[in-house]
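Listed below are the residues making up each chain.
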Amino acid sequence: MDIASLTIDRIHEGLRRRAFSAAELAQAALAFAERENPRTNAYLHFAPERALAAAQRVDRQLAAGEPPGKLAGVPIAVKDVIVTQGLRTTCGSRLLANYVPPYDATAVERLEAAGGVMIGKANCDEFAMGSSNENSAFGPVRNPVAPDRVPGGSSGGSAAVVAQGTAVVSLGSDTGGSIRQPASFCGVVGVTPTYGRVSRYGLVAFASSLDHIGPFGRNVKDAATLLEVIAGRDERDATSAFAPVPDYTASLGESVRGMKIGLPKEYFTGLASETGDLMHAAVAQLEKLGCQVREISLPATGYAIACYYIICTAEASSNLARYDGVRYTYRSPGAQTLLDMYRQTRGEGFGAECKRRIMLGTYVLSAGYYDAYYLKAQKVRTLIARDFQNAFGEVDAIVAPVSPSPAFKIGEKIDDPLEMYLSDIYTITGDLAGIPCMSVPCGRTAEGLPVGMQILCNHFQEETMFKLAAAYESARGF
Ligand code: GLN
């Protein structure tokens, strides 16, 4: 069985034909993942017992003739910022190196209820802060396509395992691009659903008004299937939406002739030349499919980075206050007083990027600066969201690059946080507006580095987004 090329459909066919059992597949997938992991460091830990138990449940259902679920037998990796009962969840942080949560995230509960087999937890930037996976306390992840390069971040491990083929699909989280950008860098599909589409219960909070859980897959259909399973209202997350979850795979394969597509002119400046060329080729392909493509403008784009890094740091500074040495696991051993315990625990536990964000966030929320920074950023956020609403009055979908350039070298940007922040320019706007967006592979550079095309649609229009992505995927010819 060639695990690296499996898809959900192929697994279901294999189970049906009894070419393998779910338990056999789980064991083979785990062995393969453990063998490959030293190359990438994409998994932080594995879950062999839990995976086998889940697979055996599927085998029992199959033997009894019961419907086994949409993800029956599918090996899945979960980003280590999503909590798993009885299984270490570190958030890529020293502070939580030994944290074993007492409950499962809703998304994890749902994927297992659908027969999914979670084989392990994926490496990521500490508390999902970063664009390269270099901020993990447990070492960087290498891009499976080019091992001297980053896989992107913060869901670098989740993208890498799918690109490497050690998981068929995975869960990541996206606050400012952390699903789409690594998907683009690793050459896989990554989806950021509408804000509220997937419950955040059990997603360790970075910036709560921006955080999303979303799927990775090697093709559009697999990602859409995983989203369908995890989406929907959850009583335990008040921000989760009541809107019914459509059958996302039903409209895949439908024609996109006549679909109106906008290319935001602000997103096509400052691209690396090969990224620009690949984007233009992708747009030409969409025109061949009968889409009506035209230029549009999203005028507030220039303020997006400043706006995002004020709002996300403000929320992060508040969310990370809970890691105080009293709750959760790590406590500095040397402290003599309560204040020293707080200071030393946080000083030793958090990495440099988290500290930078806590300080920035505390500053923008402080009494003298709240109006000047935080409140202003909230107003700008409204302008950015309004730009999209205006655009969606005229077009069905927006197509744009994901990142200005393909995967960069490990170490290339890590000493220049501002440079790193600037590379998020095309992804953070979607999160600020709360709209669904995704990255779909659109080719490789001469050096073989993958590049993704971004598709953005209006709130809860995931079906349109998937339909366009699938049409492009089947037409692009690789
Ligand atoms: N790169 C962005 C940041 O560092 C996005 C991270 C994310 O989406 N979690 O904030």
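Our subject is the structure that appears above.
Attention here is on the structure that accompanies the text. Along every chain, residues carry numbers that run from 1 in the direction the sequence is written. Totals for whole chains, interfaces and linings use every residue, but because this is a predicted model, local features are given only for residues with pLDDT of at least 70 and side-chain atom pairs only at 80 or more, for both listing and counting. Where side-chain values are given, they derive from all heavy atoms of the structure, hydrogens and water being excluded.

### Concerning the overall build of the protein
Piece 1. Strands are runs of DSSP state E lasting at least 2 residues, helices are runs of H or I lasting at least 4, and numbering of each runs from the N terminus. A tally of helices and strands in the protein yields 15 helices and eleven strands.
Piece 2. Taken over the C-alpha trace, the protein has a radius of gyration of 21 Å; the compact-globule value for 478 residues is 23 Å, and the two agree within 12%.
Piece 3. Principal-axis analysis of the C-alpha atoms gives the protein an extent of 65 × 50 × 45 Å.
Piece 4. Only protein chains enter the accessibility calculation, which uses a 1.4 Å probe; a residue is then buried when its area is under 20% of its type maximum, exposed when over 50%, and partly exposed in between. Looking at the protein as a whole, 61% of its 478 residues are labelled buried.
Piece 5. Across the protein, 46 positive and 50 negative side-chain charges occur, with their mean positions spaced 2 Å apart. Radius of gyration: C-alpha atoms only; globule rule: 2.2 Å multiplied by the number of residues to the exponent 0.38. All tallies of charge rest on Lys and Arg as positive and Asp and Glu as negative; His and the ends of each chain are not included. Lys charges are placed at NZ, Arg charges at CZ, Asp charges at CG and Glu charges at CD.

### Quick look at the state of the cysteines
Piece 1. The disulfide criterion is simple: two cysteine sulfur atoms within 2.5 Å. Tallied over the full model, the rule gives zero disulfides.
Piece 2. In this structure cysteine 354 is not part of a disulfide, and its nearest cysteine sulfur, from cysteine 91, lies 9.5 Å away.
Piece 3. Here cysteine 437 stays unpaired: no disulfide links it, and the sulfur of cysteine 457, its closest cysteine neighbor, is 9.3 Å away.
Piece 4. With a relative accessible area of 0%, cysteine 437 lands in the buried category.

### As for the pairing of strand 2 (residues 75-79)
Every regular strand shows the same layout, with side chains that alternate between the two sheet faces.
Piece 1. Of all five residues in strand 2, five are buried, a share of seventy percent or more.
Piece 2. Burial of the side chains of strand 2 extends over both faces: Pro75, Ala77 and Lys79 are buried on one face and Ile76 and Val78 on the other.
Piece 3. In this sheet, strand 3 (residues 117-122) lies alongside strand 2 in parallel orientation, the contact comprising five bridges. Of the residues in strand 3, the one forming a bridge with isoleucine 76 is methionine 118. Paired strands are those between which DSSP finds at least two bridges.

### A short note on the packing of helix 4 (residues 106-113) against helix 7 (residues 220-230)
Two quantities define a packed helix pair, namely the angle between the axes and the distance from one axis to the other.
Piece 1. Lines fitted to the C-alpha atoms define the axes, with helices restricted to the stretch that makes contact. Angles between their N-to-C directions range from 0 to 180 degrees. Between helix 4 and helix 7, the shortest axis-to-axis distance is 8 Å and the interhelical angle comes to 110 degrees. Classified by the angle between their axes, helix 4 and helix 7 sit roughly perpendicular to one another. In this structure, helix 4 meets helix 7 at a crossing whose hand is right-handed. Of the residues in helix 7, those touching helix 4 at Ala107, Arg110 and Leu111 are Leu226, Val229 and Ile230.
Piece 2. Nonpolar residues are Ala, Val, Leu, Ile, Met, Phe, Trp, Tyr, Cys and Pro. Charged residues are Asp, Glu, Lys and Arg, and all others, Gly as well, are polar. Tallied by class, the residues present in the contact of helix 4 with helix 7 amount to five nonpolar, no polar and one charged. Roughly parallel means an angle under 35 degrees; roughly antiparallel, over 145; roughly perpendicular, 65 to 115; everything else is oblique. Left-handed is the label given to a crossing in which the near helix is rotated counterclockwise from the far helix by less than a right angle, and right-handed is the label when the rotation is clockwise. What makes two residues a contact is simply this: any of their non-hydrogen atoms within 4.5 Å.

### What to know about the sheet that holds strand 2
Piece 1. Strand order in this open sheet of eleven strands is 1-3-2-4-6-5-10-11-9-7-8, and the pairing throughout is mixed. In this open sheet, the two strands that pair with only one neighbour each are strand 1 (43-46) and strand 8 (292-296). Geometrically, the sheet is characterised by an average inter-axis angle of 30 degrees between neighbouring strands, direction not taken into account.
Piece 2. Relative to strand 4 (residues 169-174), strand 2 runs parallel, the two sharing three bridges. Bridging from a neighbouring strand, valine 78 pairs with leucine 171 of strand 4.
Piece 3. Packed onto the sheet, helix 2 (residues 22-40) meets strand 1, strand 2 and strand 3 and runs at close to 140 degrees relative to strand 1.
Piece 4. Contacting strand 4, strand 5 (189-192), strand 6 (212-217) and strand 10 (437-444), helix 7 runs over the sheet at an angle of about 145 degrees to strand 6.

### Describing the layout of surface pockets
Piece 1. Space inside the largest pocket adds up to approximately 280 Å³.
Piece 2. Looking at the largest pocket, it is lined by 18 residues, and the ones nearest its centre are Cys186, Gly187, Val188, Pro441 and Arg444.
Piece 3. Where the lining of the largest pocket is concerned, the elements lending two or more residues are helix 5 (156-164), strand 10 and strand 11 (450-456).
Piece 4. Take the lining of the largest pocket: its biggest share by element is four residues, from strand 10.
Piece 5. Looking at the lining of the largest pocket, its residues break down into twelve nonpolar, three polar and three charged. Using a 1 Å grid laid over the protein atoms alone, points where a 1.4 Å probe fits but cannot get out form a cavity; open sets with protein on both sides within 12 Å along at least 5 of 7 lines form a pocket; any residue with an atom within 4 Å of a point counts as lining. Grid points are joined across faces, edges and corners, and a volume is the space filled by probe spheres set on the points.

### Topic: the pattern of salt bridges
Piece 1. One speaks of a salt bridge when a side-chain nitrogen belonging to Lys or Arg is within 4 Å of a carboxyl oxygen belonging to Asp or Glu. Applying the stated criterion across every chain, the model contains 21 salt bridges.
Piece 2. In this structure, lysine 221 engages aspartate 9 in a salt bridge whose closest nitrogen and oxygen atoms are separated by 2.8 Å. With lysine 221 in helix 7 and aspartate 9 in helix 1 (residues 8-16), this residue pair connects regions lying 212 residues apart in the sequence.
Piece 3. With relative accessibility at 34%, the residue lysine 221 sits in the partly exposed group.
Piece 4. Residue aspartate 9 is classed as partly exposed on the basis of its relative accessible area of 42%.

### Considerations on the site of the ligand
Piece 1. Contacts to the ligand come from 15 residues, most closely from Thr175, Gly176, Ser178, Tyr308 and Arg357.
Piece 2. Within 3.5 Å is the distance limit for a polar contact, defined as a pair of N or O atoms, with the added protein rule that one can donate a hydrogen and the other accept it, and that residues adjacent in sequence qualify only through two side-chain atoms. Serine 154 is positioned such that a nitrogen or oxygen atom in its side chain is 3.4 Å from a nitrogen atom of the ligand.
Piece 3. For the ligand, whose unbound accessible area comes to 290 Å², protein coverage reaches 99%.
Piece 4. For this analysis, a molecule is said to be in a pocket or cavity if more than half of its atoms are within 2 Å of the grid points defining it. When atoms are counted within 2 Å of each cavity's grid points, the one that captures over half of the ligand is the largest cavity.
Piece 5. Partitioned by chemical class, the residues of the shell around the ligand number five nonpolar, seven polar and three charged. By convention in this text, a residue qualifies as near a molecule or strand provided that one of its non-hydrogen atoms is within 4 Å of it. Each accessible area is a Shrake-Rupley result for a 1.4 Å probe, and residues are judged covered by the shown protein chains and nothing else.

### Description of the side chain of arginine 149
Piece 1. Inspection of the secondary structure puts arginine 149 in the loop between strand 3 and helix 5.
Piece 2. Under the relative-accessibility criterion, arginine 149 is labelled buried at 10%.
Piece 3. Among the polar contacts made by the side chain of arginine 149, one reaches the main-chain carbonyl oxygen of alanine 407 at a distance of 2.8 Å.
Piece 4. In this structure, arginine 149 is in contact with Val141, Arg142, Asn143, Ala407, Phe408, Lys409, Ile410, Glu447 and Leu449, ignoring residues within four places of it in sequence.

### Some points on empty space enclosed by the protein
Piece 1. Counted under the stated rule, the structure contains three cavities of 30 Å³ or more.
Piece 2. As a volume, the largest cavity reaches approximately 90 Å³.
Piece 3. What the second largest cavity holds in volume is close to 40 Å³.
Piece 4. Lining the second largest cavity, in full, are Val81, Phe127, Ala128, Ser173, Thr175, Leu203, Val204, Phe206 and Asp211.
Piece 5. A per-class count over the lining of the second largest cavity returns six nonpolar, two polar and one charged.

### What about the packing of aromatic side chains?
Piece 1. For Phe, Tyr and Trp, where Trp contributes only its six-membered ring, two rings pair if their centres lie within 6.5 Å, and the inter-plane angle classes them as stacked under 30 degrees, edge-to-face over 60, or tilted in between. Taken as a whole, this structure holds 17 aromatic pairs when the rule is applied.
Piece 2. Seen in terms of ring centroids, tyrosine 248 and phenylalanine 466 are 5.4 Å apart; in terms of plane orientation they differ by 70 degrees. Their pairing is edge-to-face. Of this pair, tyrosine 248 sits in the loop between helix 7 and strand 7 (260-264) while phenylalanine 466 sits in helix 15 (residues 462-475), placing them 218 residues apart in sequence. Each member of the pair tyrosine 248 and phenylalanine 466 is classed as buried.
Piece 3. Only lysine NZ and arginine CZ atoms are considered, and such an atom sits over a ring when it is within 6 Å of the ring centre and within 35 degrees of the ring normal. The ring of tyrosine 330 is capped by arginine 94, whose NZ or CZ atom sits 5.2 Å from the centre of that ring.

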